[in-house]
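Descriptive analysis of the structure
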Amino acid sequence: MKRLILKAKYYWHSLQFSKNKALLEDCLCANTKSDIQSKMQYHERKAISHLTKM
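For the structure given in this document, a descriptive report is provided here. (Residues numbered from 1 in each chain as written. Predicted model: local features only at pLDDT ≥ 70, side-chain atom pairs only at ≥ 80, totals over all residues. Heavy atoms only, no water.)

So, the side chain of H43
Locating H43 in the fold gives a position in helix 2 (residues 30–53). Residue H43 is classed as buried on the basis of its relative accessible area, which comes to 9%. Setting aside residues up to four positions removed in sequence, H43 forms contacts with W12, H13, Q16, F17 and N20. (Helix = DSSP H or I, 4+ residues; strand = E, 2+ residues; numbered from the N terminus. Buried < 20%, exposed > 50% of the residue type's maximum accessible area, 1.4 Å probe, protein only. Contact = heavy atoms within 4.5 Å.)

Listed below in structure tokens is the structure:
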């Protein structure tokens, strides 16, 4: 059961990373770009964290 939860969290964070990556490509404002990049880094770290726990 724990593995299923970790897998779901991994996929959610990887989807959020992909969404933010797509948003970053279309972004024009420098402030917004930095916010999106920090969100991308967070979701990438969390996805890797959940992947290593599986």
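After that view, the rundown keeps rolling.
Some details on the packing of helix 1 (residues 2–26) against helix 2
Orientation of helix 1 relative to helix 2, taken along the N-to-C sense of each, is 155°, at an axis distance of 8 Å. Taken together, the axes of helix 1 and helix 2 lie roughly antiparallel to each other. Pair helix 1 / helix 2 crosses with left-handed handedness. When the residues that make up the contact of helix 1 with helix 2 are grouped by side-chain class, the tally is 11 nonpolar, seven polar and seven charged. (Axes fitted to C-alpha atoms, helices over the stretch in contact; angles between N-to-C directions. Parallel < 35°, antiparallel > 145°, perpendicular 65-115°, else oblique. Left-handed = near helix turned anticlockwise from the far one by under 90°. Nonpolar A, V, L, I, M, F, W, Y, C, P; charged D, E, K, R; others polar.)

A closer look at helix 1
Taking 1.5 Å of rise per residue, 25 residues should cover 36 Å, and helix 1 covers 37 Å from first to last C-alpha, within 8% of that figure. Listed as buried for helix 1 are L6, H13, Q16, N20 and L24. The inward-facing, buried residues of helix 1 contact helix 2. (Expected span 1.5 Å × (residues − 1).)

Let's talk about the environment of M40
Tracing the sequence through the fold places M40 in helix 2. Look at M40 and you get buried, because its relative accessible area is 12%. A C-alpha to C-alpha distance of 15 Å links M40 and A30, two positions 10 residues apart in sequence. When residues no more than four places from it in sequence are discounted, the contact partners of M40 are F17, N20, K21 and L24.

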